[in-house]
Amino acid sequence: MVETTGGGPQDGAAEVLDRPLPDGVRRRVVQIAADGFGGLTVTELPAQLRQYARFTPSRRAKFAGNALASALESDPLFRQRIGERLREVQPELTGALDSGSPPPAADPLDVAAAAYVLRPPGWVKLVAAAGEEAQRADAERADEESRAELERLRAELVRTRERTRSETERLRAELEAAKKESESLHRRLRSALSDVKRGEAALRKLRGEMEAVRAEGSAQVSAAESESRRLRARLGETEAALEAARRAAREGRSVEDMRVRLLLDTVLDAAQGLRRELALPPVSVRPAETVDAVEPGRMTPKDIAARALSEDDPAVLDQLLALPQAHLVVDGYNVTKTGYPQMPLEKQRLRLLGQLARLAAQSGAEVTCVFDGAELAAPVLLAPPRGVRVLFSKPGVTADELIRQLVRAEPPGRPVIVVSTDREVADGVARAGARPVASAVLLKRFSRA
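Criteria and thresholds
- Residues numbered from 1 in each chain as written.
- Predicted model: local features only at pLDDT ≥ 70, side-chain atom pairs only at ≥ 80, totals over all residues.
- Heavy atoms only, no water.
- Pairing = 2+ DSSP bridges.
- Helix = DSSP H or I, 4+ residues; strand = E, 2+ residues; numbered from the N terminus.
- Axes fitted to C-alpha atoms, helices over the stretch in contact; angles between N-to-C directions.
- Contact = heavy atoms within 4.5 Å.
- Parallel < 35°, antiparallel > 145°, perpendicular 65-115°, else oblique.
- Nonpolar A, V, L, I, M, F, W, Y, C, P; charged D, E, K, R; others polar.
- Buried < 20%, exposed > 50% of the residue type's maximum accessible area, 1.4 Å probe, protein only.
- Salt bridge = Lys/Arg side-chain N within 4 Å of Asp/Glu carboxyl O.
- Phe/Tyr/Trp six-rings, centres within 6.5 Å; stacked < 30°, edge-to-face > 60°.
- Lys NZ or Arg CZ within 6 Å of the ring centre and 35° of its normal.
- Core = buried A, V, L, I, M, F, W, Y, C linked by side-chain atoms within 4.5 Å.
- Polar contact = N/O pair within 3.5 Å; in protein donor to acceptor, adjacent residues only side chain to side chain.

Student: Kindly report on the sheet that holds strand β5 (residues 435-437), identifying the contributing residues and their values.
Tutor: Sheets are built from strands paired through backbone hydrogen bonds, the pairs being either parallel or antiparallel. One open sheet holds the 5 strands; their spatial order is β3-β2-β1-β4-β5, and the pairing between them is parallel. Strand pairing shows two members of the sheet lacking a second neighbour, β3 (388-392) and β5, which therefore form its edges. Across this sheet, the average inter-strand angle for adjacent strands is 20 degrees, counted without regard to direction. Direction of pairing for strand β1 (residues 327-331) relative to strand β4 (residues 416-419): parallel, over a ladder of 4 bridges. When the bridges of β4 are listed, V329 appears paired with V418. Strands in contact with helix α12 (residues 345-363) are β1, β2 (366-371) and β3; relative to β2, the strand with the most contacts, it is inclined by about 165 degrees.

Put into structure tokens, the structure is as follows:
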């Protein structure tokens, strides 16, 4: 138990503070509790403070300040144990408090904090007096700081006024110098503007003269270029005529001769095919042969009607290709995109050309396959198969137009078969004398083979 001079340990227990502890006193109380905390065992600590048993005094004061203050206020036993530790550390201060006469030279905050923990008689007055003393000290310190700050601000104001005055004088001097410089620059600018105007007038005159010279030169160059183009055109025509004459002399025939000869071969082959088809006898006509009758080996009208085929029968294509000098013209991409559109263009071309090569070998007909050149990203490196002519349309020319040109190039009377599903192409070649066939018919012919 704690022994005190002039009364028991509970003499001041009945006294109660009617106001919160001053901040300074509270900080000292928490620090006293944190320092005395380490001398107690875990069982001697209140339950809410046992978690801070391993903390250092500074960390206890920082993190457990509220818990320590609450325990000191609500747990008399814990407060008594902290008071015993305080008596061991500060025996002179605690002894003076027990005797009721705190040392005048002691810090009021230390006196108030120790009185709050020990609770001697009159401790409430000590705590209140310490709070008032601390407030007076804080007020005096704040007043001193305010006076010092005021003096500093006054001195700063004086220095600022001096700097402002000197800066104003300097700026006025610079302004005067700038005004003089501006007047000089204005005079020089007016002089420069006059020189510029004179120069612009001279430049406009020179430009007019140059434009006249340039126009005259352009007219002369244009006339010379026109004359040069005319001469080049005449030279090209002369060279073309010369080359055509040389080619005609070398080949021994012209294009018209070739067309006539091809038409003649077609007529002869057609006549021979007609003779074979009609099974005409080699002898001349006899009067008896004019009598209407059916001879052995000849077809009756009923037999001819039985041979009629539908438009989508691939046998129609075989009959057309069997005609003399037949020419099969195929719209390449129209056929491939009808039959196998999922394949890349290169593989479409290779597959179609392979099938056309087999068809040409079987039928003996002339075969030309036309592809649209607009579909190409680069020139095609392609070796045409035997018996198949492969053509790509030029830039700006569609495959449809190239097909029509091929049909128009053939002599009238030659059997030309055009394979395309495009209705416009079919109608156009039909008007030119060719026989249109749907792409599906050619694909069926391939699959049948």
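Student: A description of the packing of helix α1 (residues 23-37) against helix α3 (residues 65-74) should follow, citing residues and the corresponding values.
Tutor: Relative to each other, α1 and α3 sit at 90 degrees, their axes nearing to 9 Å. Between α1 and α3, the angle falls in the class roughly perpendicular. Only G65, N66, L68, A69 and L72 of α3 make contact with α1, whose side of the interface consists of R26, V29, V30, A33, A34 and F37. Among the residues making up the contact of α1 with α3, the classes are represented as 8 nonpolar, 2 polar and 1 charged.

Student: Mind laying out unusual backbone geometry, listing which residues take part and the relevant values?
Tutor: Positive phi is not limited to glycine here, since Q325 has a value of about 55 degrees. Relative to the elements of secondary structure, Q325 occurs in the loop between α10 (314-321) and β1. Note on Q325: relative accessible area 29%, which makes it partly exposed.

Student: Tell me what's going on with the pattern of salt bridges, and back it up with residues and numbers.
Tutor: In the structure shown here, the tally under the stated rule is 22 salt bridges. Here R154 and E151 are joined by a salt bridge, their closest N and O atoms 3.5 Å apart. Of the two residues, R154 and E151 are both situated in helix α7 (residues 123-251); the distance of 3 residues between them amounts to about one turn of the helix. The partly exposed category is assigned to E151, whose relative accessible area is 46%.

Student: Explain the packing of helix α11 (residues 332-339) against α12 to me, using residue names and the numbers behind them.
Tutor: One way to put it is that α11 packs onto α12 with a least axis distance of 10 Å and a crossing angle of 100 degrees. Considering the angle they form, α11 stands roughly perpendicular to α12. Contact with α11, carried on its side by G332, Y333, V335, T336 and K337, involves L345, Q348, R349 and L352 of α12 and no other residues of that element. Of the residues assigned to the contact of α11 with α12, the class counts are 4 nonpolar, 3 polar and 2 charged.

Student: A description of the packing of aromatic side chains should follow, citing residues and the corresponding values.
Tutor: For any two aromatic rings, the description comes down to two numbers: the centre-to-centre distance and the angle of the planes. Scanning the model with the defined rule gives 2 aromatic pairs in all. An angle of 55 degrees between the planes, with centres 5.0 Å apart, marks the rings of Y333 and F371 as tilted. With Y333 in helix α11 and F371 in strand β2, this residue pair connects regions lying 38 residues apart in the sequence. Taking the relative accessible area as the measure of exposure, Y333 reaches 6% and is therefore buried. F371 gets classed as buried once you look at its relative accessible area, which sits at 0%. These aromatic residues form a ring-pair network of at least three members: Y333, F371 and F392. Its end group placed over the ring of Y333, K337 keeps NZ or CZ at 5.5 Å from the ring centre.

Student: Give me the lowdown on the nonpolar core, citing residues and values where you can.
Tutor: Formed by 35 residues in total, the largest nonpolar core has its most connected members in V25, L68, F78 and Y116. Looking at this core, the elements that each hand over two or more residues are α1, α3, α4 (76-89), α5 (91-99), α6 (108-118) and α7. With 9 residues, α6 is the largest single contributor of residues to this core. Core analysis: the next-biggest nonpolar cluster, separate from the first, contains 29 residues, V335, L359, V388 and V419 among them.

Student: Outline the side chain of S393, listing residues and values.
Tutor: Structurally, S393 can be placed in the loop between β3 and α13 (399-409). Side-chain polar atoms of S393 contact the backbone nitrogen of G373, separated by 2.8 Å.

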